[in-house]
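Here is how the chains run, residue by residue.
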Amino acid sequence: MITDVMFHSLRSRSQLIPVEDLIRDCAGSRMPEIIPELLTAPIAAAAAEVCPTRAITTDTPVEGGCALRLDYGKCIGCGRCVEVGDGAIRPAKRFSHSGVSRSELVQTWQTGSGVEAQAGEMHTSARDRVYALLGRALNIRQLDPGSCNGCEAEITALTNPYYDLERFGIHFVASPKHADMLLITGPVTRNMATAVQKTYEAVPLPKLVVAVGACGCSGGIFDRRNCPVGTLVNLNEEIIGPVDSLLPVHGYIPGCPPTPAMLVSGILEVLNRYTGRK
Ligand code: SF4
Ligand code: SF4
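These notes cover the structure that comes with them. (Residues numbered from 1 in each chain as written. Chains lettered and ligands numbered in written order. Predicted model: local features only at pLDDT ≥ 70, side-chain atom pairs only at ≥ 80, totals over all residues. Heavy atoms only, no water.)

**Quick word on the site of ligand 2**
Threshold: Whether a residue is near a molecule or strand is decided by its heavy atoms; if any one of them lies within 4 Å of it, the residue is near. Runs of E in the DSSP output that reach at least two residues are strands. Runs of H or I that reach at least four are helices, and both are numbered from the N terminus. Residue type decides the class: Asp, Glu, Lys and Arg count as charged, Ala, Val, Leu, Ile, Met, Phe, Trp, Tyr, Cys and Pro as nonpolar, and the leftover types, Gly among them, as polar.
In the vicinity of ligand 2, the contacting residues are Ser147, Cys148, Gly150, Cys151, Gly213, Ala214, Cys215, Phe222, Gly255, Cys256 and Pro257. At the level of elements, helix 6 (150-157) and helix 8 (213-218) are the ones that each hand at least two residues to the shell around ligand 2. In terms of residue count, helix 8 provides more of the shell around ligand 2 than any other element does, three residues in total. Looking at the shell around ligand 2 residue by residue, the class counts come to seven nonpolar, four polar and no charged.

**Observations concerning the environment of aspartate 25**
Note the cut-off: Whether two residues are in contact is decided by their heavy atoms, any of which lying within 4.5 Å being enough.
Its location among the elements puts aspartate 25 in the loop between helix 2 (19-22) and strand 1 (32-34). For aspartate 25 and arginine 94, which are 69 residues apart along the polypeptide, the C-alpha to C-alpha distance reads 4.8 Å. When near neighbours in sequence (up to four residues on either side) are disregarded, aspartate 25 contacts Lys93, Arg94, Thr259, Ala261 and Met262.

**Focus: the site of ligand 1**
Heads up, the condition is: Here a cavity is any set of points on a 1 Å grid over the protein atoms alone where a 1.4 Å probe fits but cannot get out, and a pocket is any open set with protein on both sides within 12 Å along at least 5 of 7 lines; a residue lines the site when it has an atom within 4 Å of a point. For a cavity or pocket, the test is whether more than half of a molecule's atoms lie within 2 Å of its grid points; if they do, the molecule sits there.
The full set close to ligand 1 counts 14 residues, and Cys51, Cys75, Cys78, Gly79 and Cys81 are the nearest of them. Judged by the proximity of its atoms to the pocket grid, ligand 1 belongs to the largest cavity. Of the residues assigned to the shell around ligand 1, the class counts are 10 nonpolar, three polar and one charged.

Set out below in structure tokens:
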């Protein structure tokens, strides 16, 4: 009976994930993490060799060392670099590069003396900032101009009781005319370019654009510039490129797909950076 379900639900312990556990959590995304003190030139070279999207590259070896460059915007979380990483590359549990600028998605480590740029402070009182900026909830219109729908599956989870995006004063809306933010997944296909442009123009000012997933950030596996010929699905001529090939983008959320926690962290980070911007 439905009443039994309701009573059982009311008696059960809350499963809502606390904000502090959600922010920067990336478990399950398979995003790689570099352990600088263990990184050696042979490991860096091996990782660059196996990376199918050229997310990992190295410079020319100098004095026995080299720099490993990791572009999280191109990473599809395949785990190949972890397999050859010999402990110096492992799946990340915390991820601070969600909702940042495109250039901040690219990190460089020098073998022997690793360095990594620090992300900005995460603002946890997002609801207050949203209300201060808009005087109401933030409305998001999600747009898919070419995604495989993997990113959509994770975005859908944002509204379930476990992640509960609405607790931050953030809602999804059906019309771009009601939106403050466009959340765009997938590479932009030629067939959808006009629709993307018109949707963007329909969003009233001030508006924010967030590129989601490896495809939204860099074109992912669908952009032939990312993948060596013959390695992955890189044959489609109908791809224009990542979201920023068509629109100004305020924040990038990498991953293939990004987990719901990475999406929440990224959206809050973009809001934190652009509160008050017109
Ligand atoms: S795509 Fe990402 S996980 Fe796969 S090898 Fe490249 S950097 Fe590593
Ligand atoms: S980033 Fe990955 S999951 Fe998202 S649309 Fe591209 S291929 Fe699909």
